[in-house]
Amino acid sequence: MEIDSVKLVYFSPTETTKAVAHGIAHGIDSSSIELVDLTTPSGREQSLLAAKDELLVVAVPVYMGRVPALATEWLKTIKADNTPAVCVVVYGNRAYDDALLELKDTVEKCGCIPIACGAYIGEHSFSNSDTPIAEGRPDKADVTHAEEFGRKICEKLQAVSSLSQLSDVAVPGSYPYGGRTELWSVDFIAVNSTCTQCGSCADVCPVGAIDSQHSSIINHEKCITCCACIKSCPQGARTMKPSPVKEASERLNNLCKDPKQPECFL
Ligand SMILES: Cc1cc2nc3c(=O)[nH]c(=O)nc-3n(C[C@H](O)[C@H](O)[C@H](O)COP(=O)(O)O)c2cc1C
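This one's a predicted model, so the numbers in the text were calculated from it and none came from an experiment. (Residues numbered from 1 in each chain as written. Predicted model: local features only at pLDDT ≥ 70, side-chain atom pairs only at ≥ 80, totals over all residues. Heavy atoms only, no water.)

Chemist: Summarise the UniProt feature "domain: Flavodoxin-like" (unreviewed entry) in the protein chain; cite the residues concerned and give the values.
Modeler: Annotation from UniProt places "domain: Flavodoxin-like" (unreviewed entry) at residues 6–154. When the span residues 6–154 is considered, its composition is 31% helix and 28% strand, and the gap between its end C-alpha atoms is 11 Å. (UniProt positions renumbered as here; feature names shortened; annotations may be inferred. Helix = DSSP H or I, 4+ residues; strand = E, 2+ residues; numbered from the N terminus.)

Chemist: Quick one: what's the story with helix α4 (residues 140–158), residue by residue and with numbers?
Modeler: With 19 residues, α4 ought to run about 27 Å at 1.5 Å a step, and its terminal C-alpha atoms sit 27 Å apart, in line with that. Of all the residues in α4, the buried ones are D142, A146, E147, F149, G150, I153, C154, K156 and L157. Check the buried side of α4 and you find it contacts α1 (16–28), β4 (54–61), β6 (83–91), β7 (112–121) and β10 (263–265). (Expected span 1.5 Å × (residues − 1). Buried < 20%, exposed > 50% of the residue type's maximum accessible area, 1.4 Å probe, protein only. Contact = heavy atoms within 4.5 Å.)

Chemist: Report on the domain arrangement of the protein chain, specifying residues and quantitative values.
Modeler: Each assigned domain of the protein chain is listed with its residue range as follows: domain 1 (5–177 + 259–265) and domain 2 (189–242). For domain 1 and domain 2, the distance between their C-alpha centres works out to 27 Å. Each side of the interface is counted separately: domain 1 has 15 residues, and domain 2 has 11 residues. Of all residues in domain 1, P13, T14 and F126 give up the largest surface area on contact with domain 2, accounting jointly for 38% of the area buried on that side. In this assembly, domain 1 and domain 2 are joined by one salt bridge. Of the charged contacts, one joins K231 and E123 as a salt bridge, the two residues approaching to 3.1 Å between their closest N and O atoms. Here the side of domain 1 that touches domain 2 is built from residues that sort into six nonpolar, seven polar and two charged. (Domains from an automatic or database assignment. Buried area = accessible area lost by both parts, 1.4 Å probe. Salt bridge = Lys/Arg side-chain N within 4 Å of Asp/Glu carboxyl O. Nonpolar A, V, L, I, M, F, W, Y, C, P; charged D, E, K, R; others polar.)

Here's what the structure looks like:
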């Protein structure tokens, strides 16, 4: 089966999911790759129509064992027409629980046909120098794995003349999904005096929760605790103050030391 073009769809506040998605795209090696970045509010204003002869690669991070709710909301609006799809979750070395199954079910309901699924590890959003969790993931070996996964996806498609020749891809997980879709609404970010009000934190915030003129003014109702603002601050002016997020980061640093490995389901 020939694929005309690839659409690479991802939500990735701290860019580990984006790195994995690009690794897979590199392996697929199509001459036409369109990026659909759902990370910013404006990115989520676009809609997506996908045809039979396109390949969708959909990648999201795992939040509380689930697909982040704002990503699910957007993904449900995809209009596909028996479009082959690759589902990918990226998690912070704890577990992906039912998230991969949830993602697969979600794209299937939009008219996609999942032909391959993968789970990769990314540095945990809550990781920092005191509590490094999956620091530096995806690393070189993870990206090489993702590229190889991309090549296997091409081989799988090339081996058939129609998607009806492929059987369902089984992934771990069960329904009703466990985990939580409601995130903490919590005041957990401290901003110190090295902040220059450069505005980069407000620019990277996926939900527009930070005041662009006063970086310490955060709308805690909107905040999804993704930590993009902390990780991207050029001054390192943003840290975690005592809070459930900081406690989680300490707990995960103790519990999730053994590096997990990528998995793919084809
Ligand atoms: C609110 C929240 C919940 C998370 N829940 C999980 C989880 O259940 N399991 C896990 O292993 N990692 C969890 N993570 C970590 C992210 O899945 C991981 O760091 C991922 O690489 C982040 O993707 P990104 O770099 O594209 O933002 C969570 C992160 C956040 C912000």
